[in-house]
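Residue strings, one per chain:
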Amino acid sequence: MNEKQHAIVIAGGGSTYTAGIVMMLLENRDRLPLRKLKLYDNDAARQEVIAKAIAIELQEKAPEVEFEYTTDPQVAFTDVDFCFAHIRSGGYKMRELDEKIPLKHHVVGQETCGPGGIAYGMRSIGDIIELIDYMEQYSPECWMLNYSNPASIVAEACRQLRPDSKILNICDMPVGTQRRMSQIIGLSPKDLEVRYFGMNHFGWWTSVKDKAGHEYLPQIRDYVAEHGYLTQIEVDIQHMDASWQATHKKAQDLLAVDPHRLPNTYLKYYLYPDYVVEHSDPNYTRANEVEDGREKRVFSAARKIIDAKTSKVGEFAIDSHASFIVDLACAIAYNTHERMLMIVENNGAIANIDPDIMVEVPCIVGNNGPEPLTQGKIPLFQRGMIMEQAMVEKLVVQAWVNHSYQSLWQALTLSKTVPSAEVAKAVLDDLIAANQEYWPELK
Ligand code: NAD
Ligand code: LMR
């Protein structure tokens, strides 16, 4: 049992993931003892539903943990050791437009990839910087563990705009896929030790070993060549909807492009954009699937608990999203030196790409944060793709900082998901009209 009791604020208290994370925190109090939990959101009504259900959960399972929820940043960020952040700037309403506007132009419409991700990035940068500033003002020793998307663009913005801040940008997708890999080879996810290189939602595994050093990559590769990452028993409950099943299956075509490395599922938007567009319904996208699925499930579970005044009537699910963030908090709090995939400044971790790119690589995590493990030189194909995508993301940050239409048009034009500068301009002009409330005014 660890001694220090921690205070945690969850920013984006009304998120569909908040309840799962709280459940995970409650289950892991022997590893990460908790004295105080706060929720913070800028949408009081949305947060209240989740918060009232959590208050009942806490009363029954951990009455000693102090709990409050607020929309006041000073109340939220005072006296906290960790901020777990997962905000969605603009909500599902804007996610839907990020997906549907590009599709109208026969371009990939996705939350974090292509023009949709760029639009979301232009909304998220300012909100994340604001959270960092609140944290540093009210709890200067606090660490922010940030899931808010698009993680890669957000990480590049933090690198440029808040280089010394204690923010770690993280992603659960590799964790989810590694759960699938562990199922394929009959091990537990915690037994895997991987090598991986790339950027967020844009990377490849080059080794998957057990703790004894046995290499499983060839075995997993043979399986993925036939089934993608689809597995018999679902161990990655977060990525189960119909659209995700199609994405796991599509990994077999991603693998065909480079049969020596195991691909991140999000590469499908860059390697098969025409296929993605053909198989998208422009009137019903992932935003709608989440609203009809996860969002309904989580909010109706919360309302059931509130109406019954007891948590015995319902269960909030714990997924890989929640377990990863608790593991990371423990690594920082107790200097565990756990090996985890993190988004960090390259600085030579990948030898033959620029040092100032935010890459995703295995790191050893301790109380000073992540120390990247070098991944050596990467092949021409991945190097070309990564350099192109990195420049897209740098152009987005440049556009946000300088309020530059030209930079953002260049970003869309350079994206592998967009066929020409003309299409990029048409998509951009529609995105500008939709995002007036959120983006800086572009000149
Ligand atoms: P959601 O809309 O259900 O929750 C987000 C919450 O953030 C909402 O309650 C909203 O009101 C709040 N919010 C928005 N802007 C805010 C601001 N400026 N300050 C405070 N609160 C604010 O969304 P969700 O589906 O639960 O996803 C939450 C976030 O987690 C998204 O950014 C999503 O992309 C991200 N996510 C990341 C990963 C990852 O691995 N990196 C995986 C899944 C989801
Ligand atoms: C979400 O559900 O919003 C993210 O986990 C990504 C996705 O589209 O499923």
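Going by the structure above, here's the rest.
First, a word on what this report is: a plain description of the structure on this page.

Cut-offs and rules
Residues numbered from 1 in each chain as written. Chains lettered and ligands numbered in written order. Predicted model: local features only at pLDDT ≥ 70, side-chain atom pairs only at ≥ 80, totals over all residues. Heavy atoms only, no water. Helix = DSSP H or I, 4+ residues; strand = E, 2+ residues; numbered from the N terminus. Rg over C-alpha atoms; globule rule 2.2 N^0.38 Å. Contact = heavy atoms within 4.5 Å. Buried < 20%, exposed > 50% of the residue type's maximum accessible area, 1.4 Å probe, protein only. Pairing = 2+ DSSP bridges. Near = heavy atom within 4 Å. Polar contact = N/O pair within 3.5 Å; in protein donor to acceptor, adjacent residues only side chain to side chain. Nonpolar A, V, L, I, M, F, W, Y, C, P; charged D, E, K, R; others polar. Areas by Shrake-Rupley, 256 points an atom, 1.4 Å probe, with all protein chains shown as cover. Axes fitted to C-alpha atoms, helices over the stretch in contact; angles between N-to-C directions. Parallel < 35°, antiparallel > 145°, perpendicular 65-115°, else oblique. Left-handed = near helix turned anticlockwise from the far one by under 90°.

### Things to note about the overall build of the chain
- Regarding its fold elements, the chain presents 16 helices and 12 strands.
- In summary, the chain has a C-alpha radius of gyration of 21 Å against a globular reference of 22 Å for 443 residues, a match within 12%.
- Overall size of the chain, expressed as C-alpha extent along the three principal axes, is 55 × 55 × 40 Å.
- For the chain, long-range pairs separated by at least 24 residues make up 71% of all intrachain contacts whose partners lie at least 6 apart in sequence.

### Remarks on the pairing of strand E11 (residues 358-366)
- Across the nine residues of E11, eight count as buried, placing the element largely inside the fold.
- As defined by bridge partners, strand E10 (residues 338-345) adjoins E11 across eight bridges and the pair is classed as antiparallel. Within the sheet, the bridge partner assigned to Ile343 lies in E11 and is Glu360.
- Counting the residues that bridge the hairpin from E11 to strand E12 (residues 369-372) gives two residues.

### Remarks on the site of ligand 1
- Of all residues adjacent to ligand 1, which total 25 residues, the nearest are Ser15, Thr16, Asp41, Tyr92 and Tyr120.
- Here a nitrogen atom of ligand 1 sits 3.4 Å away from a polar atom, N or O, in the main chain of Asn42.
- Interatomic distance of 3.2 Å between a backbone N/O atom of Ile170 and a nitrogen atom of ligand 1.
- Here the shell around ligand 1 is composed, by residue class, of eight nonpolar, nine polar and eight charged.

### What to know about the site of ligand 2
- Near ligand 2 you find Tyr17, Arg88, Arg95, Glu111, Gln238, Trp244, Tyr266, Arg286 and Arg294, and these make up its full shell.
- With respect to ligand 2, the side chain of Trp244 contributes an N or O atom lying 2.8 Å from an oxygen atom.
- Take Arg294: an N or O atom from its side chain is 2.4 Å from an oxygen atom of ligand 2.
- Here ligand 2 has 250 Å² of accessible area as a free molecule, and 93% of this is covered by the chains.
- Residues that form the shell around ligand 2 fall into these classes: three nonpolar, one polar and five charged.

### Thoughts on the packing of helix H4 (residues 91-104) against helix H16 (residues 421-434)
- Contact pair H4 / H16: the axes reach a minimum separation of 9 Å and the direction vectors enclose 155 degrees. The orientation of H4 relative to H16 falls into the category roughly antiparallel. Handedness of the crossing formed by H4 with H16: right-handed. For the pair H4 and H16, contact is made by Met94, Leu97, Ile101, Pro102 and Lys104 and by Val427, Asp430, Leu431 and Ala434, respectively.
- Among the residues making up the contact of H4 with H16, the classes are represented as seven nonpolar, no polar and two charged.

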